[in-house]
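A closer look at the structure
Residue-level listing of the chains:
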Protein chains: 2
Amino acid sequence: MTAQEAAKLAHDLVGRCEVVLLGTVDADGHPSIKALSKVETDGIKDVWCVTHIKTRRVSHLARNPDSCIYFLDAAKFQGLMLMGHTEVLTDSENRHRFWQPQFEHYFPLGKDSPDYCVLHFIGEKANFAWGLINVDFVL
Amino acid sequence: MTAQEAAKLAHDLVGRCEVVLLGTVDADGHPSIKALSKVETDGIKDVWCVTHIKTRRVSHLARNPDSCIYFLDAAKFQGLMLMGHTEVLTDSENRHRFWQPQFEHYFPLGKDSPDYCVLHFIGEKANFAWGLINVDFVL
C-alpha cells in the first residue's frame, strides 16, 4: 500500500472515530493514555479536544508537549497513530470557538469556566496499521 | 465511587475488550500507542499480547519497559488505564503457551517462528474513568 492510499484510509478512519486516545509522558517519563472525545479535526494533522485544566494530561503537556493520538476502529482492527505535540489553549477566543452545549455536564460554569481548556494536537508523522499493512507517512 | 466498585467495573471492561492499546516511550522520550489483540488476562493486573519481534514497540520496551495499557469502551465512554511494565518473552515455553492458530496469518512459520514473541504486561496501578467518575486504585 502506498503512503497516499494509507493517508486516504486514515482520513476515513479519523472521520468515523468519535473518541481519540491521547498519549503523553508523565514527570517520571512513564507513558500515559487517556480517551477523549474528538471535538474537531482539520484533515489528519490537527485535532482538537477539550478537557479539565486540573488533569494529569494537562500537567504532562505543560512539562512535555510531545504526544501522540491514536484513532482505533476495533471492529476492523484498523489503527492510526499520529505523532506530534499538543498545545493547551486557555484563551477566551479558542475556548469559545470549541465550546459545545453538552460540555456543560463537565463544566457547569460554561465556556468561561476557569477549569475548561482546549487541547490542540498538531501531528508531524503518521503510522497506519491494518492487519499486515503497516505504512508510515509524513503529515 | 469506591476503588472497589471501580475495580469491579474495570474487570467487566477488561472482559469485554478484544483490543488493547499499548503505550510505550521511544528512544527520544516520545509517547507511542499501538492497538494489539488481547490474548489473555489474569484479573486486571496481567495482560498478554503477541507481536512481531521487529516492531517499534519491542524496541521501545527493550530500552524502557515502562508502559501502560488502555481498555476502551467507546460506546459507553468507559476507559481503564493500567500503568506498569512489559516483559518481552521469547522463550519456547511462553511462545507455545500463548500460540493461537489464527496467528499463522502473521507468522507463517508458526509458533517457532523467530519473529513471534509474547508481551507480558504487569500492572501496578489503575485509573478508571467513566464520564465524571475518575478513580485511581492500586493493583
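Attention in this report is confined to the structure presented alongside it. Please read all numbers here as calculations on a predicted model, not as lab measurements. Per chain, the residues get numbers from 1 upward, laid out in the order the sequence is written. Written order decides the labels, with chains lettered from A and ligands numbered from 1. Reporting in this predicted model follows two pLDDT cut-offs: at least 70 for local features of residues, and 80 or more for side-chain atom pairs to be given and counted; totals over whole chains, interfaces and linings ignore these cut-offs and use all residues. The basis for the side-chain values is all heavy atoms of the structure; hydrogens and waters are excluded.

Secondary structure assignment for chain A yields 3 helices and 8 strands. Strands here are runs of E lasting at least two residues and helices are runs of H or I lasting at least four, both read from the DSSP assignment and numbered beginning at the N terminus. Its helices and strands taken in sequence order, chain A reads α-β-β-β-β-α-β-β-α-β-β from the N to the C terminus. It is over C-alpha atoms that the radius of gyration is taken, and the globule rule equals 2.2 Å times the number of residues to the power 0.38. For 139 residues, the compact-globule estimate of 2.2 N^0.38 gives 14 Å, and the C-alpha radius of gyration of chain A, at 15 Å, lies within 12% of that figure. In terms of overall dimensions, chain A has C-alpha extents of about 50 × 35 × 25 Å along its principal axes. Looking at chain A as a whole, 53% of its 139 residues qualify as buried. For this analysis, residues touch if any pair of their heavy atoms sits within 4.5 Å. For chain A, restricting intrachain contacts to residue pairs at least 6 apart in sequence, the fraction spanning at least 24 positions comes to 61%. Of the side-chain charges in chain A, 14 are positive and 18 negative, and the distance between the mean point of each set is 3 Å. Type-normalised accessible area, obtained with a 1.4 Å probe on protein chains alone, sets the label of each residue: buried when under 20%, exposed when over 50%, and partly exposed for intermediate values. In this tally Asp and Glu are treated as negative and Lys and Arg as positive; neither His nor the chain ends contributes. To locate a charge, the coordinates of NZ of Lys, CZ of Arg, CG of Asp or CD of Glu are taken.

Glancing now at empty space enclosed by the protein. Grid spacing is 1 Å over the protein atoms alone, the probe is 1.4 Å, and a cavity is where that probe fits but cannot get out, while a pocket is an open set with protein on both sides within 12 Å along at least five of seven lines and lining residues have an atom within 4 Å of a point. Grid points are joined across faces, edges and corners, and a volume is the space filled by probe spheres set on the points. Scanning all chains against the criterion turns up 2 cavities of 30 Å³ or more. As for the largest cavity, its lining consists of Leu22(B), Leu36(B), Val47(B), Trp48(B), Cys49(B), Ile69(B), Thr86(B), Leu119(B) and Phe121(B). Of all the secondary-structure elements, those providing two or more residues to the lining of the largest cavity are strand 4 (46-52) and strand 7 (116-130) of chain B. The element contributing the most residues to the lining of the largest cavity is strand 4 of chain B, with 3 residues. Split by residue class, the lining of the largest cavity holds 8 nonpolar, 1 polar and no charged. Taken together, Leu22(A), Leu36(A), Val47(A), Cys49(A), Ile69(A), Thr86(A), Leu119(A) and Phe121(A) make up the lining of the second largest cavity. Listed by contribution, the elements that provide at least two residues to the lining of the second largest cavity are strand 4 (46-52) and strand 7 (116-130) of chain A. Taken together, the residues that form the lining of the second largest cavity break down as 7 nonpolar, 1 polar and no charged. Throughout, the ten residues Ala, Val, Leu, Ile, Met, Phe, Trp, Tyr, Cys and Pro are labelled nonpolar, Asp, Glu, Lys and Arg are labelled charged, and all others, Gly among them, are labelled polar.

Bringing the relation of the copies chain A and chain B into the picture now. Overlaying chain A with chain B gives an RMSD of 0.0 Å, the required rotation being 180° about an axis along which the chain moves by 0.0 Å. Such a combination of turn and shift is consistent with a two-fold rotation axis. Every residue of chain A has its C-alpha some distance from the rotation axis, and the shortest such distance is that of Pro31(A), at 3.0 Å. Copies overlap after least-squares fitting; the atoms used are the C-alpha atoms of residues with pLDDT of at least 70 in both.

What follows deals with the interface of chain A and chain B. Contacts between the two partners involve 36 residues from chain A, matched on the other side by 36 residues from chain B. Across the salt bridge formed by Asp136(A) and Arg56(B), the nearest N and O atoms sit 2.6 Å from each other. The term polar contact refers here to a pair of N or O atoms within 3.5 Å; inside protein, the definition further demands a hydrogen-donor-capable atom paired with an acceptor-capable atom, and it admits residues adjacent in sequence only when both atoms are side-chain atoms. Linking chain A to chain B there are 6 residue pairs in polar contact (both at pLDDT 80 or more). Element by element, the count of residues in the side of chain A that touches chain B is highest for strand 2 (residues 31-37) of chain A, at 7 residues. The residue inventory of the side of chain A that touches chain B, partitioned by class, reads 18 nonpolar, 13 polar and 5 charged. For this analysis, a salt bridge means a side-chain nitrogen from Lys or Arg found within 4 Å of a carboxyl oxygen belonging to Asp or Glu.

Looking now at the environment of Ala3(A). Residue and element names in this part refer to chain A. Counting through the fold element by element, Ala3 comes out in helix 1 (residues 3-16). Measuring from C-alpha to C-alpha, the distance between Ala3 and Ile122 comes to 19 Å, with 119 residues separating the pair along the chain. Those residues within four positions of Ala3 in sequence are excluded, and the remaining contacts are Val135, Asp136 and Phe137.

Quick look at the pattern of salt bridges now. Residues and elements named next belong to chain B. Scanning the entire structure with this criterion turns up 10 salt bridges over all chains. Across the pair Arg16 and Asp73 runs a salt bridge, and its minimum N-O distance is 3.0 Å. Of this pair, Arg16 sits in helix 1 (residues 3-16) while Asp73 sits in strand 5 (residues 66-73); the two residues are 57 residues apart in sequence, bridging distant segments of the chain. Residue class for Asp73 comes out buried when judged on its relative accessible area of 15%.

Turning our attention to the packing of aromatic side chains. Residues and elements named next belong to chain A. Any pair of Phe, Tyr and Trp rings, taking the six-membered ring for Trp, is counted once the centres come within 6.5 Å. Such a pair is stacked with planes under 30 degrees apart, edge-to-face with planes over 60 apart, and tilted for the rest. Counted according to the given criterion, the structure contains 10 aromatic pairs over all chains. Each ring, one from Trp99 and one from Phe103, has its centre 5.5 Å from the other, and the planes form 90°; the classification is edge-to-face. Taken individually, Trp99 and Phe103 each receive the classification buried, so the pair is uniform in this respect. Geometrically, the ring pair formed by Phe107 and Tyr116 is tilted, given 5.3 Å between the ring centres and 55° between the ring planes. Take Phe107 and Tyr116: they sit in the same class, and that class is buried. An aromatic cluster is defined as three or more aromatic residues linked by ring pairs; in this entry it consists of Trp99, Phe103, Phe107 and Tyr116. By definition, being over a ring means that NZ of Lys or CZ of Arg is both within 6 Å of the ring centre and within 35 degrees of the ring normal. One cation-aromatic arrangement involves Arg97 over Trp48; the distance from NZ or CZ to the ring centre is 5.3 Å.

Functional significance is not addressed by these values, which are geometric in nature.
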